[in-house]
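One-letter residues, chain by chain:
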Protein chains: 2
Amino acid sequence: MTVKPDAGSRLLDATLDPQYRAPFPSSRKVYVPGSTPSIRVGMREIAQTPTFGADGRPLENPPVTVYDTSGPYTDPEAAIDLSAGLPPVREAWIRSRPNVEMAGHRHPGPALLPARNRYRAKPGTRATQMHYARRGEITPEMEYVAIRENARWQEAPDDLKRRHAGQAWGARMPEEITPEFVRDEVARGRAIIPANLNHLELEPMVIGRNFKVKINANLGNSALSSSIQEEVEKMLWAIRWGADTVMDLSTAEPIHDTREWIIRNSPVPVGTVPVYEALERVGGAPEDLTWEVFRDTVVAQAEQGVDYMTIHAGVLLPFIHLTARRTTGIVSRGGSIMARWCLAHHKENFLYTHWDELCEVMAAFDVAFSIGDGLRPGSLADANDEAQFAELKAQGGLTRRAWAFDVQVMNEGPGHVPMHMIKENMDKQLEWCGEAPFYTLGPVITDISPGYDHMASAIGAAMIGWYGTAMLCYVTPKEHLGLPDRNDVREGVVAYRIAAHAADLAKGHPAAQIRDNALSKARFEFRWEDQFSLSLDPDRAREFHDETLPRHGEKLAHFCSMCGPRFCAMALSQQVRDEAARQQGLEQQAAAFKEGGGELYRKV
Amino acid sequence: MTVKPDAGSRLLDATLDPQYRAPFPSSRKVYVPGSTPSIRVGMREIAQTPTFGADGRPLENPPVTVYDTSGPYTDPEAAIDLSAGLPPVREAWIRSRPNVEMAGHRHPGPALLPARNRYRAKPGTRATQMHYARRGEITPEMEYVAIRENARWQEAPDDLKRRHAGQAWGARMPEEITPEFVRDEVARGRAIIPANLNHLELEPMVIGRNFKVKINANLGNSALSSSIQEEVEKMLWAIRWGADTVMDLSTAEPIHDTREWIIRNSPVPVGTVPVYEALERVGGAPEDLTWEVFRDTVVAQAEQGVDYMTIHAGVLLPFIHLTARRTTGIVSRGGSIMARWCLAHHKENFLYTHWDELCEVMAAFDVAFSIGDGLRPGSLADANDEAQFAELKAQGGLTRRAWAFDVQVMNEGPGHVPMHMIKENMDKQLEWCGEAPFYTLGPVITDISPGYDHMASAIGAAMIGWYGTAMLCYVTPKEHLGLPDRNDVREGVVAYRIAAHAADLAKGHPAAQIRDNALSKARFEFRWEDQFSLSLDPDRAREFHDETLPRHGEKLAHFCSMCGPRFCAMALSQQVRDEAARQQGLEQQAAAFKEGGGELYRKV
């Protein structure tokens, strides 16, 4: 059934443009089973064409399996209906937890979306992954992410497993991720699995510095633009290109409905900044915010299934004057809202004073804290200043307190930081926040690149990811200028996939180099189709190639338009290799001959 | 006069599309005079609008002067005629050198280009910047680049001069670049001024790690695409967006004429890889190359005015077998050509065996060597391997030998290198090559990003620039896929301007942060027009802003479409600042009151 969005975009098309569902070139969805039938971990398997040896005989190249964030959408077998949401794949896991209870049905939500069962921890208990982990229990989510992180890399052929030793700065990534390893990392707070009891549609993932570096894509409307339809499509576009989580940062009505549509259709964790909705509830004036309104907002979002929430509880009253002489003051929306509240009432931040109560709510639904960095620097001039680090230290205290409630935590960081000052952020966060996962915006490493800040920040993101940041919050080309559209989302996500992957490589993640090795082998062997399909963005790679050499035959060509046939280094180099091998063969024969005494006929 | 290009594109339009000549927004060309009237250093001055204080009174913001690579093209006063070339601004300097002689007229070249005087060192003498520097002579070129490097930064107001201490890894950038400092750096080989006696149109620039990090843009046709017109326009586009040098890597006829048009119209140094033309001269088979053909090619290019040449003299016969087991063999075009020659003849590389003769040619015209990295890694798997470092060490020996001839030298490096292995390249180059300027391609930090390799390599470029690389060779989005077009050139150049600037910031270049500070101040004060005009790409910044808020009035708005008016952190933060200042004032009064004894009426 197809439903047209009405003027207010409260309805979505039930059918989806094929571009969101098309499998990637040469790729198929595979499911790796876990210990029970309900654990089926989707991955993408990329087939390769054979290599043709000197004798013209084909040598098979095995398929390459890659981590896949796109969910059921790229599985042609999956029935997708946006108006019904994704199937509640986690429901059986949640129901089987003795300390979880059904708490009625979720409010039916906008228009056609079906009401779903609503869960929460039984009174007096906690239902977080950290809670179970600390009790020594391995949840299906933990097993799921273990399988997902491995992505079958151990099955790759040895030549593709060749890799450099990394420089991990203290991270320890095992050769094989076991469910027990995941449990242990979650138990000690070094990793989180953002997985609200009410986000039943979720394919679990893990965030921590001993796992693959993850990326987040921000979505959300503002008062000046966008519709629900657009935001859901941005979410689909973001996960297609590789977003591990999305944040719905909508600040304009319909906030609740936009989020509902996103969560019900999202296979990745969804984060929010609840103060935006709370502010709308009080009519837009920060000074009118109250703890009660905020708490009610958080509870409503938790019941809806939000997996992690940015809470600016580290913006403390005494820190605010530290920003007064900054070049760009406070550039976090949440941070500036809380700062205004604090100043207006001359009281301590109510998120800080009510932290324990917040922890209880989080523990009841398993919402992870993403402790906000309301005082992050918005310009190089303000980088690593007293305000920023005062808040980071406060984040550390809040982190430990949340852990006392078994609540999962990550810490938000950076902003604008020049390259040589990035590592200090990571080092202090590790020390002050007890190795809780760090989650950073960029950092942008110069202020003069509006229109290109996805690039400028991907530089900083790659570096801080290498140093140990667990998740990188993307920046789009529209940063500082306007609201990103679908194309900006793709540019931002791919830039950050590059940064995250570069970080994995530099840390020495055992599986990271396999795809690089496969692509480079394909490149050297002029297997153009394989080069495209192994790329982060196969469509773009093909499109760029075809701009100058569009014909199919040219994808079999042993050159491209960069150098043309005569100057192709790859082709020349293959000839060099053949020639060197021939000559080395002769030399070895000659050496053997000399070793043998240099006589034409060896003595027997 | 307008001349239409003929079918073979041997003629160029004498008039130029206005997009190549339009001054940047709010910008004007200024010329800073040197010690003689012939020294006039062009810079770009960006005007700013006033800040409106709380009382509504305007406070002037001074203009910001920036380094300008665009040459006379962005000066509306300059008469530009591509068919005549730029004026020979250096000719008086060259003629005044006692050891330089006129050696006839340059071959008149294609079609309309006027013949120019041709210069070379008198027999038995050397006419390089290094030669003069070592004799203690400060040339006009040295004075020119000193003025250019300072770019009047010392005149900036103190609040814009705020900066972080950098981490320079041994580079020493003085507060003021003096001509004597330039002379000293050139004398000891730590910097070069690529400035062929016959590139009279050049605006000199300096490459060395104690100066601003520079970037190069590659141009050039291949057998499959492009025309002279397109290549000249790419050059103009590259310098407009910030290329400090260009390389003409044409591999297809008309090689000589393409280069002639580029040099005559280029205010930036032009580099080449002469083996490409030499190979065309012998019909395309590497084994048919001879020293004599190569030498003649180099002499012809030197007479034409090429400022630096990539010479793959470090690809030595014993190193070639080291590439045999590589994932991607030899990926340098020049490297693979020389490797094939070596193997075919089983002889040492003739560039190596004739090095002294090459040095004599270079010294006679002041062509700088860019010693090629023919064995650079083409994949992560091959990074930092024995072949690569064997060649780097050989480059060091060649560098010292060239210095014995007073020839200026830089060394080419990287390719594909994961982040954690980048620094080793820089450290070894500094050690083995005596601090000669390092000039690196990227490095690309992953192999899986075709279509986005400008970004993936800008990450590596920023890092290696920080560590000490003097010039970064750009990579365009088409790398590995096809020949870049004009738009790819812009994307690549801006990506690399970001990388070079990020490196300057991280090294702590004394002037680097001024533009960031100015832009961030403009951003915080909602001076949108200033934010655009201070950007690396003002057109892009404006275009992105206007996609969501196109009306002029909205450029005065205290918000943008990212957050809308209510959620604008910047606007909130300004209110926070005002409020904090007010409260601090009250607190100070309160504190003073307490200090004073807390009595309402102080004792006299």
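For the structure itself, consult the block above.
Because the structure is predicted, anything quoted here is derived from the model rather than measured.

How each quantity is defined
- Residues numbered from 1 in each chain as written.
- Chains lettered and ligands numbered in written order.
- Predicted model: local features only at pLDDT ≥ 70, side-chain atom pairs only at ≥ 80, totals over all residues.
- Heavy atoms only, no water.
- Helix = DSSP H or I, 4+ residues; strand = E, 2+ residues; numbered from the N terminus.
- Rg over C-alpha atoms; globule rule 2.2 N^0.38 Å.
- Buried < 20%, exposed > 50% of the residue type's maximum accessible area, 1.4 Å probe, protein only.
- Contact = heavy atoms within 4.5 Å.
- Areas by Shrake-Rupley, 256 points an atom, 1.4 Å probe, with all protein chains shown as cover.
- Lys, Arg positive; Asp, Glu negative; His and termini not counted.
- Charge placed at Lys NZ, Arg CZ, Asp CG, Glu CD.
- Pairing = 2+ DSSP bridges.
- Axes fitted to C-alpha atoms, helices over the stretch in contact; angles between N-to-C directions.
- Buried area = accessible area lost by both parts, 1.4 Å probe.
- Salt bridge = Lys/Arg side-chain N within 4 Å of Asp/Glu carboxyl O.
- Polar contact = N/O pair within 3.5 Å; in protein donor to acceptor, adjacent residues only side chain to side chain.
- Phe/Tyr/Trp six-rings, centres within 6.5 Å; stacked < 30°, edge-to-face > 60°.
- Core = buried A, V, L, I, M, F, W, Y, C linked by side-chain atoms within 4.5 Å.

(A) The arrangement of the overall build of chain A in detail. For chain A, the count of helices and strands is 21 helices and 17 strands. Expected size for 604 residues packed as a compact globule is a radius of gyration near 25 Å; at 26 Å, chain A falls within 12% of this value. With the C-alpha coordinates of chain A rotated into their principal frame, the extents come out at 100 × 55 × 50 Å. Looking at chain A as a whole, 68% of its 604 residues are labelled buried. In chain A, 73% of the contacts between residues at least 6 apart in sequence involve partners at least 24 apart. Surface summary for chain A: the accessible area is close to 19700 Å², and the carbon and sulfur share equals 53%. For chain A, the centre of its 67 positive side-chain charges and the centre of its 80 negative side-chain charges are spaced 4 Å apart.

(B) Examining the sheet that holds strand S5 (residues 64–66) of chain A more closely. Residue and element names in this part refer to chain A. Pairing is antiparallel across the open sheet formed by three strands, whose spatial order is S1-S2-S5. Across the chains shown, the open sheet's two edge strands, defined by having one partner strand only, are strand S1 (27–33) and S5. If you compare each strand with its neighbour and ignore which way they point, the axes differ by 40° on average. Examined bridge by bridge, S1 and strand S2 (residues 40–46) share seven bridges and lie antiparallel to one another. The partner of Pro33 across the bridge, within S2, is Arg40.

(C) Examining the interface of chain B and chain A more closely. Every contact between the two is made by 123 residues of chain B and, on the other side, 123 residues of chain A. Of the roughly 10100 Å² buried between chain B and chain A on both sides combined, carbon and sulfur atoms contribute 66%. Counting every contact that joins chain B to chain A gives two salt bridges. We note a salt bridge from Glu547 of chain B to Lys478 of chain A, for which the minimum N-O separation is 2.7 Å. Counting the contacts that link chain B with chain A gives 22 residue pairs in polar contact (both at pLDDT 80 or more). Among the elements of the structure, helix H8 (274–281), helix H11 (333–345), helix H16 (453–467), helix H17 (486–507), helix H18 (513–524), helix H19 (528–533), helix H20 (538–548) and helix H21 (569–595) of chain B are those that each provide at least two residues to the side of chain B that touches chain A.

(D) Layout of the packing of aromatic side chains. Within the structure shown, the criterion is met by 28 aromatic pairs over all chains. Measuring from centroid to centroid gives 4.9 Å for Trp341 of chain A and Phe350 of chain A, while their planes differ by 85°, and the two rings are edge-to-face. Accessibility classification places Trp341 of chain A together with Phe350 of chain A in one group, the buried group. When the centroid spacing of 6.1 Å and the interplanar angle of 85° are considered together, the rings of Tyr308 of chain B and Tyr439 of chain B count as edge-to-face. Of the two residues, Tyr308 of chain B sits in strand S13 (residues 308–311) while Tyr439 of chain B sits in strand S16 (residues 438–444), which places them 131 residues apart along the sequence.

(E) Seen up close, helix H8 (residues 274–281) of chain A. Residue and element names in this part refer to chain A. Of all eight residues in H8, seven are buried, a share of seventy percent or more. Looking at H8, one finds that the buried residues are Pro274, Val275, Tyr276, Glu277, Ala278, Leu279 and Glu280. For H8, the secondary structure elements touched by its buried residues are helix H7 (255–264), strand S12 (270–272), helix H9 (291–304), strand S13 (308–311) and helix H11 (333–345). Positive phi appears at Gly283, one or two residues downstream of H8, with a value of about 90°.

(F) Spotlight on the nonpolar core. Core analysis: the biggest nonpolar cluster contains 342 residues, and Phe369 of chain A together with Phe369 of chain B have the highest contact counts within it. Setting aside anything within four residues of it in sequence, one finds Phe369 of chain A in contact with Met309, Ile311, Trp355, Leu358, Cys359, Met362, Ala402, Val407, Gln408, Val409 and Met410 of chain A.

(G) Layout of the side chain of Glu412 of chain A. Along the chain, the position of Glu412 of chain A falls in strand S15 (residues 409–416). Residues contacting Glu412 of chain A, with those up to four places away along its chain left out, are Thr310, Ser370, Ile371, Gly372, Asp373, Gln395, Phe438 and Tyr439 of chain A.

(H) How the structure looks around the pairing of S13 of chain B. Residue and element names in this part refer to chain B. Here S13 shows a buried face lined by Tyr308 and Thr310 and a second buried face lined by Met309 and Ile311. Bridge count for strand S12 (residues 270–272) against S13 is two bridges, and the pairing is parallel. Opposite Thr272, over in S13, you have Met309 as the bridge partner. Examined bridge by bridge, S13 and strand S14 (residues 368–371) share four bridges and lie parallel to one another. Pairing of Tyr308 across the sheet is with Ala368, part of S14.

(I) Region of the structure containing helix H5 (residues 179–187) of chain A. Residues and elements named next belong to chain A. For H5, the set of buried residues is Phe181, Val182, Arg183, Glu185, Val186 and Ala187. Where H5 is buried, its residues meet helix H2 (129–134), helix H3 (140–150) and strand S8 (191–192). Remark: Gly189 follows H5 within two positions and exhibits a positive phi of approximately 80°.

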